[in-house]
Amino acid sequence: MAEKIKTIAVLTSGGDAPGMNAAIRAVVRTAIVKKVKVLAINGGFEGMIEGNFVEMDAGSVSNIIHKGGTIIKTSRSPRFRKKQWRKVAYEQLKKAGVGGVVIIGGNGSLAGAHVFTSEFDMPFIGIPKTIDNDIYGTDYSIGFDTATNTALEAIDKIRDTANSHHRLFFVEVMGRDMGFIALHCGISSGAEMILVPENKNNISELMERLERGWARHKSSMIVVVAEGAVKGGVNAIAEKVKAKFKQYEIRISVLGYFQRGGNPSCFDRFIASLFGNHAVKALLSGKRHVLVGLQNNQITYTALRKVSEGKHHINKKLLDIANELSC
Ligand code: F6P
């Protein structure tokens, strides 16, 4: 029988996302309730390599549930890609008496955790976080809801100025190579068109839609563009449109890192709290190398191997619905 875990460690890794603090809080508080010592690893995998660990108590996670970012810092660690540094990280965990790790991370970090667990004997449980929402094994990742609402608020404001000036705006949102943020805030803001990386051949459709919009004397038009949707980015597509429709005023707004910060939404705090609680219980009950996720409104566990091989994809039917609604 596996030895009882007496000490666990928690880290945040990769790009930050609103709701990470709520997950840290849930991990720490659950561990304390279960009478397990809990260490925070400061600075993601880099902190693991450096042995930058600090013991947490219930008070150390007070008043953080509503805050964006991560109180234990994060990093994208090039060193952790090399086995020699993963070995150092393993030795640091063993030296600190760590019997299991909860990692709050995105695709890259969870893939790193999978590689680590195939080399070293250390149980890992993953908690999905990324504003991109592209992690296999969960319908929602921590941060997506907040980022989408932040982008939506910005687009609503852009609509006001666009309307006043009778302008077309291209609004670029984040999402790396996935269109979740663009799709959700595009539908919710009533965008005239949504460009996502998953559907690249739509420039002629865009031109047609804009032409129709101008023919209808629309007072404003918004095109939501996911980063990675168009070769050359939002500027390239705006230039093409400007060249064709010289008589219209066109502006570009790139929302950028604004989308990664801010107070997490109720939903992000809620799922982060559930994920953190279930992650610790999973670790203590003997589950190994799985991601805690939410699928069809149920908490689920998916092997980190599968998570590292797969991706969560948008439902392309939603693009058709978006087009129908913005006809
Ligand atoms: O994965 C989250 C994300 O914000 C993406 O949407 C974006 O493409 C990327 O991170 C930016 O990465 P970095 O923080 O390394 O600039």
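Model, not experiment: these values are computed from the prediction.

**Here's the deal with the overall build of the chain**
Thinking step 1. Of the regular secondary structure elements, the chain holds 11 helices and 11 strands.
Thinking step 2. Its C-alpha radius of gyration of 22 Å places the chain within 12% of the 20 Å reference for a compact globule of 327 residues.
Thinking step 3. By principal-axis analysis of the C-alpha atoms, the chain measures approximately 70 × 35 × 35 Å.
Thinking step 4. A burial count over the chain gives 54% of its 327 residues as buried.
Thinking step 5. Considering only contacts within the chain whose residues lie at least 6 apart along the sequence, 76% involve residues at least 24 apart.
Thinking step 6. When the accessible surface of the chain is totalled, it reaches about 14600 Å², and 51% of it is carbon and sulfur.
Thinking step 7. Side chains of the chain carry 44 positive and 30 negative charges; the gap between the two charge centres is 5 Å.

**Here's the deal with the domain arrangement of the chain**
Thinking step 1. We note that the domain assignment places domain 1 (7-143 + 264-309) and domain 2 (147-260) within the chain.
Thinking step 2. One C-alpha centre belongs to domain 1, the other to domain 2, and the line joining them spans 35 Å.
Thinking step 3. Facing 10 residues of domain 1, the contacting portion of domain 2 comprises 10 residues.
Thinking step 4. The junction of domain 1 with domain 2 conceals about 920 Å² of combined surface from both sides, 48% of it contributed by carbon and sulfur atoms.
Thinking step 5. For the pair domain 1 and domain 2, the number of links is two salt bridges.
Thinking step 6. Residue composition of the side of domain 1 that touches domain 2, by class: three nonpolar, three polar and four charged.

**With respect to the site of the ligand**
Thinking step 1. Taken together, R76, T130, I131, D132, M174, G175, R176, E227, Y257 and R260 make up the full set of residues near the ligand.
Thinking step 2. Contacts to the ligand include R176, whose side-chain N or O atom sits 3.3 Å from an oxygen atom.
Thinking step 3. R260 is positioned with one of its side-chain polar atoms (N or O) 2.8 Å from an oxygen atom of the ligand.
Thinking step 4. Within the complex, 76% of the 400 Å² of free accessible area of the ligand lies under protein.
Thinking step 5. Among the residues making up the shell around the ligand, the classes are represented as three nonpolar, two polar and five charged.

Reading guide: rules and limits
Residues numbered from 1 in each chain as written. Predicted model: local features only at pLDDT ≥ 70, side-chain atom pairs only at ≥ 80, totals over all residues. Heavy atoms only, no water. Helix = DSSP H or I, 4+ residues; strand = E, 2+ residues; numbered from the N terminus. Rg over C-alpha atoms; globule rule 2.2 N^0.38 Å. Buried < 20%, exposed > 50% of the residue type's maximum accessible area, 1.4 Å probe, protein only. Contact = heavy atoms within 4.5 Å. Areas by Shrake-Rupley, 256 points an atom, 1.4 Å probe, with all protein chains shown as cover. Lys, Arg positive; Asp, Glu negative; His and termini not counted. Charge placed at Lys NZ, Arg CZ, Asp CG, Glu CD. Domains from an automatic or database assignment. Buried area = accessible area lost by both parts, 1.4 Å probe. Salt bridge = Lys/Arg side-chain N within 4 Å of Asp/Glu carboxyl O. Nonpolar A, V, L, I, M, F, W, Y, C, P; charged D, E, K, R; others polar. Near = heavy atom within 4 Å. Polar contact = N/O pair within 3.5 Å; in protein donor to acceptor, adjacent residues only side chain to side chain.

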